[in-house]
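# Structural overview for review
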Amino acid sequence: MNYWLMKSEPAEFGIDDLAARRRQREPWDGVRNYQARNMMRDQMCRGDQAFFYHSNCPQPGIVGLMQIVVEGYPDDTAFDLDDKHYDPKSDPQNPRWFRVDVELVRPLNRTIGLAELREHSALMEMPLLRRGNRLSVMPVTATEWKYILRLE
DNA sequence: GCCAACGTTGGC
DNA sequence: GCCAACGTTGGC
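The structure contained in this document is the topic of the report that follows. (Residues numbered from 1 in each chain as written. Chains lettered and ligands numbered in written order. Predicted model: local features only at pLDDT ≥ 70, side-chain atom pairs only at ≥ 80, totals over all residues. Heavy atoms only, no water.)

What follows deals with the nonpolar core. Counting residues in hydrophobic clusters, the biggest one holds 40 residues, and the most contacted among them are L5, M6, W28, I62 and L117. If near-sequence neighbours (up to four positions away) are discounted, L117 is found in contact with I62, I112, L123, L128, L129, I148 and L151. (Core = buried A, V, L, I, M, F, W, Y, C linked by side-chain atoms within 4.5 Å. Buried < 20%, exposed > 50% of the residue type's maximum accessible area, 1.4 Å probe, protein only. Contact = heavy atoms within 4.5 Å.)

What follows is the structure, encoded as structure tokens:
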């Protein structure tokens with residue numbers, strides 16, 4: 001079992017949008033970063049748990065728990081001329097971008113904010129908290145996962 | 001392979 | 001809106 005943190009801008013797709021699809025899988029697509037792609041394509045396993053993180057918004061932070069329900073497969077939004085994530089360099093014969101499907105486990109009772117996370121020295125190794133970090137998908141250790149859940 | 005220019009991310 | 005940090009692109 002692996003643990004992850006996945007960012008989304010709530011103005012684009014937030015925890016409420018995922019909650020509206022409860023018990024239904026939702027593709028986590030549009031990721032156009034090689035490190036994040038590699039993790040989705042090669043490392044994420046069905047049953048892995050993930051934090052849903054709101055970024056680029058008034059209250060950035062962890063807002064929910066998800067699980068991976070479908071492992072990495074080609075992100076076909078890259079093939080769609082009309083999609084905002086269209087990438088002419090990706091094609092079905094040789095897909096460049098991958099996605100996974102997720103499912104909501106539950107929203108958190110409250111947002112565990114970025115500033116609050118920074119207050120805990122036990123979390124200082126998280127990529128999320130490192131200067132200049134821009135990864136939209138990143139691993140979380142089992143220790144960090146349990147620690148953060150206790151903050152709720 | 002280097003590196004400047006440019007675009008994007010994302011907190012504040 | 002600002003801006004630091006980082007990734008990507010493309011000329012050479």
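Around DNA strand B, the surrounding shell consists of K7, Y53, S55, N56, P60, L114, R134 and L135. Here a phosphate oxygen of DNA strand B sits 2.8 Å away from a polar atom, N or O, in the side chain of K7. Between DNA strand B and the protein, one listed contact pairs a base oxygen with a side-chain N or O atom of R134 at 2.8 Å. Class assignment of the residues belonging to the surface near DNA strand B gives a composition of four nonpolar, two polar and two charged. (Near = heavy atom within 4 Å. Polar contact = N/O pair within 3.5 Å; in protein donor to acceptor, adjacent residues only side chain to side chain. Nonpolar A, V, L, I, M, F, W, Y, C, P; charged D, E, K, R; others polar.)

Within helix 4 (residues 142-151) the residues assigned to the buried category are E144, W145, I148 and L151. Buried residues in helix 4, looked at end-on, bunch into an arc of 120°, giving them a common side. Set apart from the buried face of helix 4 by more than 90 degrees, the exposed residues are T143 and R150. The inward-facing, buried residues of helix 4 abut strand 1 (3-8), strand 3 (49-54), strand 4 (61-74), strand 5 (98-113), helix 3 (114-118) and strand 6 (137-140). (Helix = DSSP H or I, 4+ residues; strand = E, 2+ residues; numbered from the N terminus. Arc of directions from axis to C-beta.)

On to the environment of Y34. By secondary structure assignment, the location of Y34 is in helix 2 (residues 34-43). Accessibility expressed as a relative area gives 43% for Y34, which makes it partly exposed. With 64 residues separating them along the chain, Y34 and F98 place their C-alpha atoms 9.7 Å apart. When residues no more than four places from it in sequence are discounted, the contact partners of Y34 are R96 and W97.

Right, let's talk about the pattern of salt bridges for a bit. Applying the stated criterion to the full structure yields 10 salt bridges. Put simply, R106 and E152 hold a salt bridge, and the shortest N to O gap is 2.9 Å. Residue R106 is found in strand 5, and its partner E152 is found in the segment after helix 4; the two are separated by 46 residues along the sequence. With a relative accessible area of 31%, R106 lands in the partly exposed category. Exposure remark for E152: the relative accessible area of 26% places this residue in the partly exposed category. Three or more residues are tied together by salt bridges with common partners; here these are D29, R32, D75, D76 and R99. (Salt bridge = Lys/Arg side-chain N within 4 Å of Asp/Glu carboxyl O.)

Before going further, it helps to spend a moment on the protein's contact with DNA strand C. Near DNA strand C the following residues occur: Y34, K89, R131, G132 and R134. A share of 67% of the atoms of DNA strand C within 4 Å of the protein falls on sugar and phosphate groups. Between K89 and DNA strand C, the recorded distance is 3.0 Å, taken from a side-chain N or O atom to a phosphate oxygen. Of the residues in the surface near DNA strand C, the class split is one nonpolar, one polar and three charged.

Enumeration over the complete set of coordinates arrives at five aromatic pairs. Each ring, one from Y34 and one from W97, has its centre 4.8 Å from the other, and the planes form 35°; the classification is tilted. With Y34 in helix 2 and W97 in the loop between strand 4 and strand 5, this residue pair connects regions lying 63 residues apart in the sequence. Owing to a relative accessible area of 4%, W97 belongs among the buried residues under this scheme. Among the aromatic residues, ring-to-ring pairing joins Y3, F51 and W145 into one connected group. Residue placement shows R41 over the ring face of F98; its charged tip is 5.8 Å from the ring centre. (Phe/Tyr/Trp six-rings, centres within 6.5 Å; stacked < 30°, edge-to-face > 60°. Lys NZ or Arg CZ within 6 Å of the ring centre and 35° of its normal.)

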